[in-house]
Each structure stands twice: as structure tokens, then as C-alpha cells.
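Listed here are the chains, written in short residue letters.
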Amino acid sequence: MDDFYTARARTSAGASLDGFLTAVHSAAWPLVLIIATIQGVGQILTVPIDPILAAFLPATAALIALYPLSRWSRYREPAQGITDRPAMREDAHLDEAGAEPPMGTLGALAPYGLLTVLALGASLIEPLRAWLNQPMFGFAFPAVVTGMGISTPAAEQYSPLHMFAHPGATITVTALATWSVFYVNGYFTQWKLRSDKNLPGVLSGLIGSAVPASVPIIAFLILASIMKLSGQNTMLALGIAAIAPAYVFAFLANGIGILGAFITSSSTSSQVLFSELQVNLAKAKGLPEATILAAQSAGGAIGNAIAPANVVMGASTTGINGQEGAILRKTLPWTLMAFVLTGIATVILALTVR
Amino acid sequence: MIKKILQNRLSYLSVSFILFLASLPLISFGTTNDWRIVSGLGMVALSVAAVIPPLQRILFPAKPR
């Protein structure tokens, strides 16, 4: 690592970037480890209670933990030796330009508290959960048989949406309640006056952020359904199963997730595209499906670090356009290391669970 | 008109989004009731929705920054 920094330091841009990274590395490790432990152990503890809350609750706990951590002498004062990068300048955060928020810290945190209460209530209170789970909606589709005999039975409601039990319902209720309270208290008007900016309406803001995010997800879901129902996933799974020994596949399973995230620049899209294939492969090789799916999920998250669209977006946000190659050179070794470690963990888990 | 829509990211993605949403009930009703025209319309809507984003990139490539 020292040789790398020495070589990089020969250029002024490299010296600046490396000084920044070295300072961040040494300062951030304890914080990263504590937050990672809260998230990791939190997930292990929460999953048996409700998998839907397994990411949300530990993330909330980690967010709360940031406050006492910020009081720790190590983080109380600004870190020394960090050169200001373009992304750290005031003008890089146009949304925060100096204006005093119209609500207090508690008011700003209240929606997250409400979301937590609603999500926990809808998941843990069994009668409420059962009641919310009743209404559902889905389109009818006839039976389909492919030329190679892959058949899908007819469905009155294909993959029905439980609209009130879905996590989206909780978020919608929270958003509506928050909007109502903020509107009644005049927060939107006050913020507009204080920030001196022409803010978009809530509806146009919603369309502006929801539509661009929804189109690729819908397209990937339809593509994944076509791959599943046409038998492509089964064919691919049988092909891979024929040439890869069981534990070699277990080791490589997270690599498929990484590849999916690299191709689509989205962990979610990677899961949508390859989860079915991974389950089919796990069945074909007699491996525990949950372990292989966990490897796919981990791979999707790891692959995000080298996904081209994310790298370009990160470079653009931090004002270092054109440094995408340097970013990839930094992230690739870590991605490969994470891939190998996840592969080893998958093999150990597969051997243990079997 | 089409050029104008394709030059605005939110406009062409909104058209794609609406066509995706419209295609699913059309294909469902068309195939379950054997209404060929309706299911055909659904497939056209689905195909056009899927083609719009890549077509926009080909016709109006992003200018290098």
C-alpha cells in the first residue's frame, strides 16, 4: 500500500487525493467498524423477528449511534490533514445553502419515528398484520407452455400485491402524515422564503424522482419474469450445474450477484435478474437455497462499488469527473477481496447447513 | 412532438412508465378473454415502453462534459 501511495504522490492530483484518503482511512476505521457491527449484529437479531425490518431497524440504530459517536473525542473536532475536495465545499451542497430549517431536530426526526412505529405495528401486531394482509390485487393470466415443455399454470391473480401490508403502504402513510403536519405548520412556505429558492411542488417532485427510478425496475421485473417463465433460467442453471462442482458454484455464487450489479448498476436489479437462477442452481446442486440467495444478495451489494453508473455518479457528485479509472483501480482490489471472503463464507455456510 | 418528448428525460421516461403500466392490464384482459386486438395492443405498448429509453440514447446521445 505504501508503494502505491508513493507512486500516486508523484502527481499533484494524486498527492492531494492520497493525503485525503490516508487521513480518512486512519480516522474512519473505528467508526466504520462500530457502525458495521451495529448493522451486522442488528440484522442477525432482527431477521428471525421480521425480515422486512431487518435492514430498517439496524440502520436506524446505527443512525442513532452516530450521535454519541460524534461526541467521542476522536470525532468531536474536525479531522486534521484532510485536503478540501470539491464535494466538501459549501457550494457543492446547494440544498443546504445556509438557510435555517423551519423545524427543530425533533420535528425533522419525527417522520422516521412515525415510520418505525407504523412498520413495527404492521409487522408485529398479528391481528393487524392479518387484517392488512387481506386486500390484494393482481392481474389474471392464462396457462403458458413453451416449446420445450416449461409450463406455468393459469392464475386468477398473478403474484398479487398486498397493498396495505406492503412496506410501501407504511411509507405512503408516513409521507402523507408528514406532508399534512408540515403543510399545516407552514414549513414548506417558510423553507421557500428562507432558502430563497423556487421549490417544486410535492407532486411534481414525486413524479420527478419516482418515474426515472421506476422505469428500469419495471423493465427488469418484466425481463426477469420472461426469463423465468420461458425456462431460460432453468436452462442456464442446468448448463452451469452440468459443468461446475457444487462447492465451486457455492464459492462463485456471489460473483453472479456482483456481475448482475456491475451490468445493471443496481443491487436490486441484480437480485431481480439472478435470484431465480441461483435458486434453480442451488436445487440442482443440492445446496441450501437460503445460503446461495444470501451470497447473491451480498454479491449484489459488493458489485455496486464497481458499477460504472455508480462510479460515474460518484465522480460527478464529488467534482472529480474523468477520475473514474482511478476510482475503479481503488475499488477493484477491495471488491475482489470481498468476493473471495464472501465465497469462502458461502462454502463454509453451505457445508454447515447441509 | 416526438423529438420534443425524447429531448426531455422526464417526458420520455413518463411515456415509457405509462406504457409499461398500461401494457399489463391490456395483456391480462386480452389473453384471458382471447381478445387478440387487446393483447396485441398490450404487447405493442410493452415493446414501445421498453424501446424508448435505448432509442433516446441512440438518437440523442449525451454530450461529452
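Residue indices begin from 1 for each chain and proceed along its sequence in written order. The lettering of chains begins at A and the numbering of ligands begins at 1, in the order of writing. Totals for whole chains, interfaces and linings use every residue, but because this is a predicted model, local features are given only for residues with pLDDT of at least 70 and side-chain atom pairs only at 80 or more, for both listing and counting. For the side-chain quantities, the full set of heavy atoms in the structure was used; hydrogens and water were omitted.

Student: Help me understand the overall build of chain B, please; the structure alone is not making it clear to me.
Tutor: Strands here mean DSSP runs of E at least two residues long; helices mean DSSP runs of H or I at least four residues long; both are numbered from the N terminus. The secondary structure content of chain B amounts to three helices and zero strands. Starting at the N terminus and ending at the C terminus, chain B contains elements arranged as α-α-α. A compact globule built from 65 residues should have a C-alpha radius of gyration of about 11 Å, whereas chain B, at 14 Å, is more than 25% larger. With respect to the three principal axes, the spread of C-alpha positions in chain B is 50 × 20 × 15 Å. Three exposure classes are used, based on accessible area relative to the maximum for each residue type with a 1.4 Å probe and protein chains only: buried under 20%, partly exposed in between, and exposed over 50%. When burial is assessed residue by residue, chain B has 28% of its 65 residues classed as buried. The contact rule is simple, with two residues in contact once any of their heavy atoms fall within 4.5 Å. Considering only contacts in chain B between residues 6 or more positions apart, those separated by 24 or more positions represent 52%. Residue-level accessible areas treat just the shown protein chains as cover; the underlying method is Shrake-Rupley with a 1.4 Å probe. Of the roughly 4,600 Å² that chain B leaves accessible, carbon and sulfur atoms contribute 70%. For the radius of gyration, the atoms used are the C-alpha atoms, and the globule rule reads 2.2 Å times the number of residues raised to 0.38.

Student: Would you mind going over the overall build of chain A with me for this structure?
Tutor: Scanning chain A for helices and strands turns up 15 helices and two strands. By residue count, 30% of the 354 residues in chain A fall in the buried class. For chain A, restricting intrachain contacts to residue pairs at least 6 apart in sequence, the fraction spanning at least 24 positions comes to 68%. When the accessible surface of chain A is split by element, carbon and sulfur atoms take 70% of a total near 21,400 Å².

Student: Sorry, what's going on with the confidence of the model for chain B here?
Tutor: Regions with low pLDDT carry predicted coordinates that are not meant to be interpreted in detail. Think of pLDDT as the predictor's per-residue confidence, scored from 0 to 100. Scored by pLDDT, chain B has a mean of 90; 95% of the residues are at 70 or more. Our summary of model confidence lists the complex with pTM equal to 0.71 and ipTM equal to 0.91.

Student: In this structure, what is going on with unusual backbone geometry? I would like to understand it.
Tutor: Apart from glycine, the bulk of residues carry a negative phi angle, and the bulk of peptide bonds sit in the trans form. Even without being glycine, S265 of chain A reaches a positive phi, approximately 60°. Mapped onto the elements, S265 of chain A comes out in the loop between α11 (246–264) and α12 (267–285). Classification of S265 of chain A as buried rests on a relative accessible area of 17%. Despite not being glycine, D34 of chain B shows a phi value in the positive range, around 60°. Here D34 of chain B lies in the loop between α2 (9–33) and α3 (36–59). For D34 of chain B, a relative accessible area of 54% translates into the label exposed.

Student: How do you make sense of the side chain of S123 of chain A when you look at a structure like this?
Tutor: Residues and elements named next belong to chain A. Its location among the elements puts S123 in helix α5 (residues 105–124). For S123, a relative accessible area of 11% translates into the label buried. Here A119 takes part through its backbone oxygen, which lies 3.1 Å from a polar atom of the side chain of S123. Not counting residues within four places of it along the chain, the set of residues in contact with S123 comprises D50, L53 and R129. Here a polar contact is recorded for every N or O atom pair within 3.5 Å, except that within protein the pair must consist of a potential hydrogen donor and a potential acceptor, and residues adjacent in sequence are included only if both atoms are side-chain atoms.

Student: Just to check I follow, could you spell out the packing of aromatic side chains for this structure?
Tutor: The geometry of two aromatic rings is summed up by the distance between their centres and the angle between their planes. All names here are of chain A. Two rings from Phe, Tyr or Trp (for Trp, the six-membered ring) form a pair when their centres sit within 6.5 Å of each other. Planes less than 30 degrees apart are called stacked, planes more than 60 degrees apart edge-to-face, and all others tilted. Counting across every chain of the model gives seven aromatic pairs over all chains. With 6.1 Å between their ring centres and 90° between their planes, F141 and Y158 make a pair best called edge-to-face. In this pair, F141 sits in the loop between α6 (126–133) and β1 (144–145) while Y158 sits in the loop between β2 (151–152) and α7 (167–184), placing the two residues 17 residues apart along the sequence. With relative accessibility at 23%, the residue F141 sits in the partly exposed group. For Y158, a relative accessible area of 31% puts it in the partly exposed group.

Student: Before we go on, may I ask you to explain the pattern of salt bridges in this structure?
Tutor: Should the charged atoms of two oppositely charged side chains come close, the side chains can pair. All names here are of chain B. Salt-bridge detection follows one rule: a side-chain nitrogen of Lys or Arg within 4 Å of a carboxyl oxygen of Asp or Glu. According to the stated counting rule, one finds one salt bridge over all chains in the structure shown. Its salt-bridge partner being D34, residue R36 comes within 3.5 Å of it at the nearest N-O pair. As far as the burial class goes, R36 and D34 line up, both exposed.

Student: Please clarify how α11 of chain A should be interpreted in this entry.
Tutor: For an α-helix the count is 3.6 residues per turn, leaving residues at separations of three or four pointing the same way. All names here are of chain A. To estimate how far a helix should extend, the number of its residues minus one is multiplied by 1.5 Å. The end-to-end C-alpha separation of α11 is 27 Å, in line with the 27 Å expected for 19 residues at 1.5 Å each. Note on bend: the value at a residue is the angle between axes fitted to the seven residues ending there and to the seven starting there. At L252, α11 shows its strongest bend, of approximately 40°. Within α11 the residues assigned to the buried category are A246, F249, A250, A253, N254, I256, G257, I258, G260, A261 and T264. The elements touched by buried residues of α11 are α9 (202–229), α12, α13 (289–303) and α15 (324–353).

Student: Which parts of the structure should I look at to understand the nonpolar core?
Tutor: Soluble globular proteins tend to pack their nonpolar side chains together in the buried interior. The biggest cluster of nonpolar side chains holds 19 residues, and the ones touching the most others in it are F249, L281, L287 and I292 of chain A. What F249 of chain A contacts, discounting residues up to four positions off in sequence, is A244, I256, Q278, L281, A282, K285, L287 and I292 of chain A. One finds I218 and I222 of chain A together with Y12 and A49 of chain B within the second-largest nonpolar core, a separate group that totals twelve residues. For our purposes a nonpolar core is just a set of buried Ala, Val, Leu, Ile, Met, Phe, Trp, Tyr and Cys residues, chained together by side-chain atoms within 4.5 Å.

Student: Can you help me understand the packing of α9 of chain A against helix α10 (residues 232–243) of chain A in this one?
Tutor: Two quantities define a packed helix pair, namely the angle between the axes and the distance from one axis to the other. All names here are of chain A. Here the axes come from fitting lines to C-alpha atoms, over the contacting stretch only for helices, and the angles between their N-to-C directions go from 0 to 180 degrees. The contact between α9 and α10 brings their axes to 4 Å, and the two run at 65°. Relative to α10, the element α9 is oriented roughly perpendicular. Listed contacts from α10 to A224, I226, M227 and K228 of α9 are Q232, N233 and L236. Residue polarity is assigned by list, with Asp, Glu, Lys and Arg as charged and Ala, Val, Leu, Ile, Met, Phe, Trp, Tyr, Cys and Pro as nonpolar; anything else, Gly included, falls into the polar class. Residue classes in the contact of α9 with α10 are distributed as four nonpolar, two polar and one charged. Should an angle fall under 35 degrees it is called roughly parallel, over 145 degrees roughly antiparallel, and 65 to 115 degrees roughly perpendicular, with every other angle called oblique.

Student: Could you clarify how one ought to interpret the interface of chain B and chain A in this entry?
Tutor: Reports often express the size of an interface as the amount of accessible area lost when the parts come together. Residue-level contacts link 17 residues of chain B with 15 residues of chain A. Once two parts are brought into contact, the accessible area they lose, counted with a 1.4 Å probe and summed over both, makes up the buried area. Between chain B and chain A, roughly 1,400 Å² of surface is buried when both sides are summed, and carbon and sulfur atoms account for 83% of that area. The tally of links between chain B and chain A comes to zero salt bridges. Viewed at the interface, chain A and chain B are joined by one residue pair in polar contact (both at pLDDT 80 or more). Listed by contribution, the elements that provide at least two residues to the side of chain B that touches chain A are α2 and α3 of chain B. The element contributing the most residues to the side of chain B that touches chain A is α2 of chain B, with 14 residues. Split into classes, the residues belonging to the side of chain B that touches chain A amount to ten nonpolar, five polar and two charged.

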